[in-house]
Amino acid sequence: MSQTRRDFVKSTSLITGSLIAAPFLSEASMFNSLVDDTIKVALIGCGGRGTGAAIQALSTKQNVKLVAMADAFQDRLDSCYKEITGDDFENLKSKIDVPADRRFVGFDAYLKAIPLADVVILTTPPGFRPLHFEAAVNAGKHIFMEKPVATDPAGVQRVLAAAEKAKAKKLNVVVGLQRHYQTSYRELMKRLQDGMVGDVVSASAWWNNDGVWVNPRKAGQTEMEYQMRNWYYFNWLCGDHITEQHIHNIDVINWAKNSYPVKARGTGGREVRKGKDYGEIFDHHIVEFEYADGTILNSQCRHIKGTWAKVDELVVGTKGKIMFDAGHITDYKGNTLFKHNGSKDPNPYQVEHDELFEVIAKGQYKFADAENGAKSTMTSILGRMATYSGQVITWDKAINSGLDLAPKTFAWDADMPLKPDANGLYPVAVPGKTKFV
């Protein structure tokens, strides 16, 4: 995990896990091009994560070919294409067949790319995920989509509905919550399920670090373009960092509990990151998520430079505790019950694609990650609604709220629902005053 994704793709060959799925004929099999053993891929979203995902898909053992690309921005698409066809990835060039007439730009670019492929990779900013996922499912495509899968309850509901259609069509869907594909987490969860630490009584999760990039406003940008270039700082695109990043840690606890919280309460705000470059999101959230059996998940995420950093998960059971990042299980006397040696573990970002493309090549149905991806996304949104409002928010009230943050129109000159004031500052939630919807 200390290697960069690029170094890993260039230097490592992976052995994928065994499969237990039975052969089948999916709707995707009727649309796809597997008669010549080629799995055609379309990339929707050509930023950094999309570039990495495309490289990982092309680095699998299967006969995979990238045949279409789509992005809202020409420069992003061009940069991605230049990188994946560059000398650093010489071994992948034969797997890339995307002439200029199959590189689509604009808000409707995804509609042109999806029909050309058997597998669709969805890696745009998360606010577009429900729309793109729905379109890919309706077209009968297998899907890899990054997390989170939505930024508001309306988007979650849309993904859940499409997930049911994907199951009915037997379309494989993998979500980029890559800890589910990480050897150490799989081994720890197996021992949890086998009872090594007893019943789970509490949990903690952290994503505390310095934060991410900023792209300053440029002359001539419309409000839509500015927000999309700085998508991390606007909730309709990102969902705040509790959703965009901390979802990973929250999802691990949902996995451990095999359930989702029924309510949340918490606090948060903008302590340091207050300027106009930071849109509307908070720089810290502290949330208590409560599950139906009364178990509490204590959740922290923070973007403040110079403070202590921690990205990890802890589960406390009646017999012991699991420290996930360390791959370590101990009892309450400090004795080691299990310690995972991860020195030879494959990169989970690559394993996601290895396992997905293996089952597709074999005509099998195994992966249905969309429902969990949507519900863990909703968990993070529930936490955001609690911190923004300062109220105790129930799952049912939140998911059925109808909250929809997206602009009514996707166009560069669209009238945006969130606008800066005369000083360039955006409205920010105030706990105790802001309504949770």
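Further up the page is the structure itself.
Residues numbered from 1 in each chain as written. Predicted model: local features only at pLDDT ≥ 70, side-chain atom pairs only at ≥ 80, totals over all residues. Heavy atoms only, no water.

> Outline the overall build of the protein chain, supporting the account with residue identities and numerical values.
Per the secondary structure count, the protein chain includes 14 helices and 15 strands. The C-alpha radius of gyration computed for the protein chain amounts to 21 Å, which stays within 12% of the reference 22 Å derived for 437 residues, consistent with globular compactness. Dimensions along the principal axes, computed over C-alpha positions, put the protein chain at roughly 60 × 55 × 40 Å. In the form shown here, the protein chain has an accessible surface area of approximately 18200 Å², with 50% of it arising from carbon and sulfur atoms. Counting 53 positive and 51 negative side-chain charges, the protein chain places the centres of these two groups 2 Å from one another. (Helix = DSSP H or I, 4+ residues; strand = E, 2+ residues; numbered from the N terminus. Rg over C-alpha atoms; globule rule 2.2 N^0.38 Å. Areas by Shrake-Rupley, 256 points an atom, 1.4 Å probe, with all protein chains shown as cover. Lys, Arg positive; Asp, Glu negative; His and termini not counted. Charge placed at Lys NZ, Arg CZ, Asp CG, Glu CD.)

> Please provide a residue-by-residue account of the nonpolar core, values included.
Ile44, Phe133 and Met145 are the most contacted members of the largest nonpolar core, which has 71 residues in total. In terms of residue count, helix α13 (residues 370-389) provides more of this core than any other element does, seven residues in total. The residues touching Met145, leaving out its near neighbours within four places in the chain, are Leu122, Arg129, Phe133, Val159, Val173, Val174, Val175, Gly176 and Ala370. In terms of nonpolar packing, the next biggest core, distinct from the first, is built from 30 residues, Val41, Leu43, Val119 and Leu356 among them. (Core = buried A, V, L, I, M, F, W, Y, C linked by side-chain atoms within 4.5 Å. Buried < 20%, exposed > 50% of the residue type's maximum accessible area, 1.4 Å probe, protein only. Contact = heavy atoms within 4.5 Å.)

> Could you give an account of the packing of helix α11 (residues 247-257) against α13, with specific residues and numbers?
In contact at an axis separation of 9 Å, α11 and α13 are set at 115 degrees when each is read in the N-to-C sense. On the basis of the axis angle, α11 is roughly perpendicular to α13. The way α11 lies across α13 gives a crossing that is right-handed. Here α11 contributes Ile247, Ile250, Asp251 and Asn254 to the contact with α13, which in turn contributes Asn372, Gly373, Ser376, Thr377, Thr379 and Ser380. Broken down by class, the residue content of the contact of α11 with α13 amounts to two nonpolar, seven polar and one charged. (Axes fitted to C-alpha atoms, helices over the stretch in contact; angles between N-to-C directions. Parallel < 35°, antiparallel > 145°, perpendicular 65-115°, else oblique. Left-handed = near helix turned anticlockwise from the far one by under 90°. Nonpolar A, V, L, I, M, F, W, Y, C, P; charged D, E, K, R; others polar.)

> Run through the pairing of strand β11 (residues 310-317), naming residues and quoting values.
In the sheet, strand β7 (residues 200-209) pairs with β11 via eight bridges, with the strands oriented antiparallel. By the bridge assignment, Val200 is partnered in β11 with Gly317. The sheet contact formed by β11 and strand β12 (residues 321-323) spans three bridges and is antiparallel. Within β12, the position partnered with Val316 by the bridge is Lys321. In textbook terms, the turn of a hairpin is the stretch between consecutive antiparallel strands, and for β11 and β12 this stretch comprises three residues. (Pairing = 2+ DSSP bridges.)

Everything listed here is a matter of coordinates, which is why it stays silent on function.
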